[in-house]
Amino acid sequence: MAPQENEKNQLFLGTFIHSISLGELEYLQDTAVCVGKSGKIIAVEIKCGQKEAEEILYPKLGWDANDVAVTIAGEGQFFFPGFIDTHVHAPQYPNVGIFGKSTLLDWLNRYTFPMEASLASLPKARRVYTRCVRRTLAHGTTTAAYYATIHVPSTNLLADLCLSMGQRAFIGRVCMDNLGPDYYLDESAAASLAATQQTIDHIRRIDESFALVSPILTPRFAPACSVEAMTGLAKLHQQTGLPIQTHISENVAEIELVKEMFPHCKSYADVYDTHGLLSAKTILAHAIHLSEDEARLIAARGAKVAHCPCSNSALTSGEARVRWLLEKGIAVGLGTDMSGGYSPSVLEAARHAALVSNHLAMPAGKWADVPPDQRERAKLSVEEVLHLATRGGAEVVGLSDKIGGFEVGKEWDAQLINLGLVKETPEPDDAADAGNVDIFGWETWEERVAKWVFNGDDRNVRKVWVRGRLVHQRGSNANGI
């Protein structure tokens, strides 16, 4: 069941756009990208069409034209790296958009825990997880860091589904033995650790080298875990080198709860550090209300942050200061955080990240005492949020050597984006299924990308590949979306 090589080598032709640094996109036009059967990029040639590729590149690579599948980006189309969702709760997918007037702790008890508990049912889990994976793929998410539930069988099922459908994924069996409803808790720290080990063993059986699907240690958040559970997970982290994901400083009431429960610790971040869970392989979701000392500690440990602007807004949790985090030396990616977040789209998270950063720059409100020039620096550009959605996310999940861009040696995790071209003479149905992005032809590429960021959705995602495998094609009955 391990990931298989592709049947053919592949040649991709057209315009390629990717982030090469924070705030800088590279536009490669009339370019050829060659992807081997292993799914890795083995050549990138600028100003190269199909004829030149066949005559020059194929002989260099030892390729036979009969053994090459060719994909050409048409007019108004471009290739873009697959999105990386650094924080998403798969079992909460049915609740997307349902949060009422709740704040975090009330929302957990009213909506989240009952839904997660119900996924002890494997038929229901299959139904929910299949649609979740398909929907995120349809939005261009090639890599996802998933929280599952406390149930081993349904968590293992999520891993099976990601592998079979081809989505790169980190699968976390949620550990919570301390704070939660009686009907949805691990029996003990020992039981929590044993169940986590069962999921690790299962994933190792289906994908021995974790080439596509990897376990990730998942203490839900500090209040939900006993000291024994946290220290046990820390020991497992040291033994296995597996990554860790959890939450931090999402909500003011949550922070007060942490202070009450861990009076011996200096801060929320110190709780994780004290118990061995703060390392270079730790993904911290939200990080809205961090202190200066916490940010310095997180940076010193090399831990990363999953910025979740949609859920932070939906649950009125607050505004994370992304520029401030980046300037502290903390890597940041984007998370949809379904279902606190209302959308499975990382592109939606990117546009919301830009808008939330604008709020930080406004002259009144929480940051009114910050000097105007510093407030202005808080704003994130289109280029910067796309960096967070791809290369930044790759760094957060520990895969910056494999994904996030179109360099030779990277794996072909990509999406083909189609933007609707408005014809000179409009036709009655010329907007059918074209999405919200209208291109008139006079826009620069930078302007086209900006239009896509602020107006695009899954209708613009025509094809998606992971490790060279086509995993989504718009309108394909095989995907159901």
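Described in the following lines is the structure provided in the data block. (Residues numbered from 1 in each chain as written. Predicted model: local features only at pLDDT ≥ 70, side-chain atom pairs only at ≥ 80, totals over all residues. Heavy atoms only, no water.)

1. Points about the sheet that holds strand 6 (residues 83–89)
Within the open sheet, the 4 strands sit side by side as 6-7-8-10. Their pairing is parallel. Here the strands that pair on one side only, and so sit at the sheet edges, are strand 6 and strand 10 (213–215). Adjacent strand axes in the sheet meet at a mean angle of 15 degrees, parallel and antiparallel pairs treated alike. Bridge count between strand 6 and strand 7 (residues 141–147): 5 bridges; the pairing is parallel. (Pairing = 2+ DSSP bridges. Helix = DSSP H or I, 4+ residues; strand = E, 2+ residues; numbered from the N terminus. Axes fitted to C-alpha atoms, helices over the stretch in contact; angles between N-to-C directions.)

2. A short note on the environment of phenylalanine 80
Within the secondary structure, phenylalanine 80 sits in strand 5 (residues 77–81). Once the C-alpha coordinates of phenylalanine 80 and isoleucine 171 are considered, the two residues, 91 residues apart in sequence, prove to be 25 Å apart. Once residues within four sequence positions are removed from consideration, phenylalanine 80 is found in contact with Ile17, His18, Leu386, Thr390, Phe406, Ala414, Gln415, Ile417 and Trp452. (Contact = heavy atoms within 4.5 Å.)

3. Observations concerning the pattern of salt bridges
Tallying each qualifying case throughout the model produces 22 salt bridges. In this structure, aspartate 273 and arginine 301 form a salt bridge, with 2.7 Å as the shortest nitrogen-oxygen distance. One end of the pair, aspartate 273, is in helix 8 (residues 268–274); the other, arginine 301, is in helix 9 (residues 292–301), with 28 residues separating them in the sequence. Residue aspartate 273 is classed as buried on the basis of its relative accessible area, which comes to 19%. Residue lysine 410 is joined to glutamate 407 by a salt bridge in which the shortest nitrogen-to-oxygen separation is 3.6 Å. One connected set of salt bridges, linked through shared partners, spans Arg168, Glu411, Asp413 and Arg467. (Salt bridge = Lys/Arg side-chain N within 4 Å of Asp/Glu carboxyl O. Buried < 20%, exposed > 50% of the residue type's maximum accessible area, 1.4 Å probe, protein only.)

4. Observations regarding the packing of helix 4 (residues 152–165) against helix 5 (residues 189–206)
At a closest axis distance of 10 Å, the pairing of helix 4 and helix 5 adopts a crossing angle of 25 degrees. In terms of their interaxial angle, helix 4 and helix 5 are classed as roughly parallel. Between helix 4 and helix 5 lies a crossing whose hand is right-handed. Contact with helix 4, carried on its side by Val152, Thr155, Asn156, Ala159, Asp160 and Leu163, involves Ala195, Gln198, Thr199, His202, Ile203 and Ile206 of helix 5 and no other residues of that element. For the contact of helix 4 with helix 5, the class distribution of residues is 6 nonpolar, 5 polar and 1 charged. (Parallel < 35°, antiparallel > 145°, perpendicular 65-115°, else oblique. Left-handed = near helix turned anticlockwise from the far one by under 90°. Nonpolar A, V, L, I, M, F, W, Y, C, P; charged D, E, K, R; others polar.)

5. Re unusual backbone geometry
Cis rather than trans, the peptide bond between methionine 338 and serine 339 has omega equal to 5 degrees. Secondary-structure assignment places serine 339 in the loop between strand 15 (332–334) and helix 12 (346–361). Non-glycine residue aspartate 337 carries a positive phi angle of around 50 degrees. Relative to the elements of secondary structure, aspartate 337 occurs in the loop between strand 15 and helix 12. Exposure remark for aspartate 337: the relative accessible area of 3% places this residue in the buried category.

6. Focus: the packing of aromatic side chains
All chains considered together, the criterion is met by 20 aromatic pairs. Between phenylalanine 16 and phenylalanine 406, the ring centres sit 5.7 Å apart and the planes meet at 85 degrees, which makes this aromatic pair edge-to-face. Linking phenylalanine 16 in strand 1 (residues 9–21) with phenylalanine 406 in the loop between helix 14 (382–396) and strand 16 (414–418), this pair joins segments that are 390 residues apart in sequence. By relative accessible area, which is 3% here, phenylalanine 406 ends up buried. For the ring pair phenylalanine 113 and tyrosine 184, a centre distance of 6.0 Å and an interplane angle of 45 degrees mean the geometry is tilted. Here the residue phenylalanine 113 occupies a position in helix 2 (residues 104–118), and tyrosine 184 occupies one in the loop between strand 9 (174–175) and helix 5, the gap between them amounting to 71 residues. Residues phenylalanine 113 and tyrosine 184 agree in their burial class; the two are buried. (Phe/Tyr/Trp six-rings, centres within 6.5 Å; stacked < 30°, edge-to-face > 60°.)

7. Thoughts on the side chain of aspartate 337
Summary of buried charges: aspartate 337 has no salt-bridge partner, and the nearest side chain of opposite charge, arginine 220, is 8.2 Å away. Within the structure, aspartate 337 has its side chain in polar contact with the side chain of histidine 286 (distance 3.3 Å). Excluding anything up to four places from it in sequence, aspartate 337 contacts His87, Val88, His89, Glu250, His286, Cys308 and Ser311. (Lys, Arg positive; Asp, Glu negative; His and termini not counted. Polar contact = N/O pair within 3.5 Å; in protein donor to acceptor, adjacent residues only side chain to side chain.)

8. Some thoughts on the sheet that holds strand 15
If you walk across this open sheet you meet the 4 strands as 12-13-14-15, and the pairing is parallel. The sheet is open, and its two edges are formed by strand 12 (244–248) and strand 15, each paired on a single side. Put simply, the sheet's adjacent strands are angled 30 degrees from each other on average, direction ignored. One ladder, built from 3 bridges, connects strand 13 (residues 282–286) with strand 14 (residues 304–307); its direction is parallel. The partner of leucine 284 across the bridge, within strand 14, is valine 305. Those strands touched by helix 14 are strand 13, strand 14 and strand 15, and its axis lies near 115 degrees from that of strand 15.

9. A word on helix 3 (residues 122–138)
When the terminal C-alpha atoms of helix 3 are compared, their 24 Å separation across 17 residues agrees well with the 24 Å that a helix rising 1.5 Å per residue should span. Among all positions of helix 3, only Ala125, Val128, Tyr129, Thr130, Cys132, Val133, Thr136, Leu137 and Ala138 are buried. Buried-residue contacts for helix 3 involve strand 7, helix 4, strand 19 (461–466) and strand 20 (469–473). Of the residues one or two after helix 3, glycine 140 is the one with positive phi, at around 90 degrees. (Expected span 1.5 Å × (residues − 1).)

10. A short note on helix 5
Here helix 5 is 18 residues long and its end C-alpha atoms lie 26 Å apart, about the 26 Å a rise of 1.5 Å per residue gives. Of all the positions in helix 5, only Ala189, Ser192, Ala195, Thr196, Thr199, Ile200, His202, Ile203 and Ile206 are classed as buried. An end-on view of helix 5 places all buried positions within 160 degrees of arc, on one side of the element. Exposed residues pointing more than 90 degrees away from the buried face of helix 5 are listed as Ala190 and Arg205. In this fold, the buried residues of helix 5 make contact with helix 4, strand 8 (168–172), strand 9, strand 10 and helix 6 (227–240). (Arc of directions from axis to C-beta.)

11. Some details on the pairing of strand 2 (residues 24–35)
Both strand 1 and strand 2 contribute to a ladder of 10 bridges, which runs antiparallel. Within the sheet, the bridge partner assigned to phenylalanine 16 lies in strand 2 and is leucine 28. Taking the residues that link successive antiparallel strands as the turn, the strand 1-strand 2 hairpin has 2 residues, and the phi of glycine 23 there is positive, at about 90 degrees. Note that strand 2 and strand 3 (residues 41–46) share 5 bridges and pair antiparallel. Within strand 3, the residue paired with alanine 32 across the bridge is glutamate 45. Counting the residues in the hairpin turn of strand 2 and strand 3 gives 5 residues, including glycine 39, whose phi is positive at 90 degrees.

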